[in-house]
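Fold and geometry: a report
This is what each chain is made of:
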Amino acid sequence: MPALRFEGYVIVSDDGMLADAQNVMPAALKFEGDKRFFTAALDRAALIVHGRNSHEDQPNSPGRKRIVLTRRVAGVEPDPSNPNALLWNPARAPFEAACARAGVTSGTIAIIGGPSVFDMFMDRYDTFWLSVAPRVRLPGGEPCFPGVGPRTPQQVLGLHGMKPGEAAMLDPADGVSVTPWRRS
């Protein structure tokens, strides 16, 4: 599917966590500048992909076309709770089949989590947008990628052939920045 562009999006704490010990994204990881950046990116995306426990929880969310990963379906099925969503079992159907069913053949695919979903697309990303909140730590939290803990998110991206671009400040008062990691 050469007309598709894969982009990942996550904000993490200084210790690489995307959620707290209860597997919930805490208020401490929510910043207005990052929210604006994320919202604009999702508004431009042709399709959003995430796991059952991930979502963007924004006013535009119901109108965005999406694929939700789950083991609870046989392959690709409509989401009975959202007419703009499909449920996809990656063990039973290829991603291309889910895209075809969603009617998406070109544009940006925005991958927004969780960790296993990020990992599934790790070698397909054109760009991964890593936002970091350097003043937030979430001991015992949920790492953004498998392998984070012994490694940083940056090291994990690097191991998958990605190189950092220039960081942009999103929330200067809190030091929150976003760095594009691109395939080298």
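Notes on the structure follow. All residue numbers here refer to positions counted from 1 along the written sequence of the relevant chain. Side-chain atom pairs in this predicted model are given and counted only at pLDDT of 80 or more, local residue features only at pLDDT of at least 70, and totals for whole chains, interfaces and linings cover all residues. Only heavy atoms go into the side-chain values, all of them from the structure, while hydrogens and water stay out.

Per the secondary structure count, the chain includes 4 helices and 12 strands. Taken along its principal axes, the extent of the C-alpha atoms in the chain is 40 × 35 × 30 Å. When accessible area is computed with a 1.4 Å probe and restricted to protein chains, residues below 20% of their type maximum are described as buried, those above 50% as exposed, and intermediate ones as partly exposed. Considering the chain as a whole, with its 184 residues, one finds that 52% of them fall into the buried category. Should any heavy atoms of two residues lie within 4.5 Å, those residues are counted as being in contact. Long-range pairs, those at least 24 residues apart, make up 60% of the contacts in the chain with a sequence separation of at least 6. The Shrake-Rupley method, run with a 1.4 Å probe, gives the accessible areas here. Residue values count only the displayed protein chains as cover. Within the structure as shown, the chain displays about 9,100 Å² of accessible surface, and the carbon and sulfur contribution to it stands at 51%. Averaged over its 20 positive side-chain charges, the chain has a centre that lies 4 Å from the centre of its 19 negative ones. The helix count covers DSSP runs of H or I at least four residues long, the strand count covers runs of E at least two residues long, and both are numbered beginning at the N terminus. The positive count covers Lys and Arg only, the negative count covers Asp and Glu only, and His and the chain ends enter neither. Here the site of a charge means atom NZ of a Lys, CZ of an Arg, CG of an Asp or CD of a Glu.

The next subject is the packing of aromatic side chains. Two aromatic rings, taken as a pair, are described by how far apart their centres are and by the angle between their planes. Any Phe, Tyr or Trp ring, taking Trp's six-membered ring, that has another such ring centre within 6.5 Å forms a pair; planes under 30 degrees apart are called stacked, those over 60 apart edge-to-face, and the others tilted. Applying the stated criterion across every chain yields a total of 11 aromatic pairs. With a centroid separation of 5.8 Å and 50° between ring planes, the pair formed by phenylalanine 6 and phenylalanine 95 is classed as tilted. Of the two residues, phenylalanine 6 is situated in strand S1 (residues 4-13) and phenylalanine 95 in helix H2 (residues 95-102); the sequence distance between them amounts to 89 residues. Each member of the pair, phenylalanine 6 as well as phenylalanine 95, carries the same accessibility label: buried.

In this section: the pattern of salt bridges. Criterion for a salt bridge: a side-chain nitrogen of Lys or Arg within 4 Å of a carboxyl oxygen of Asp or Glu. Counted according to the given criterion, the structure contains 4 salt bridges. Between arginine 64 and aspartate 43 there is a salt bridge, with its nearest N and O atoms 2.6 Å apart. In this pair, arginine 64 is assigned in the loop between strand S3 (47-51) and strand S4 (66-69) and aspartate 43 in helix H1 (residues 32-44), connecting sequence segments 21 residues apart. Residue classification places aspartate 43 among the partly exposed residues on the basis of a relative accessible area of 44%.

Keep in mind that these numbers describe shape and distance, not what the molecule does.
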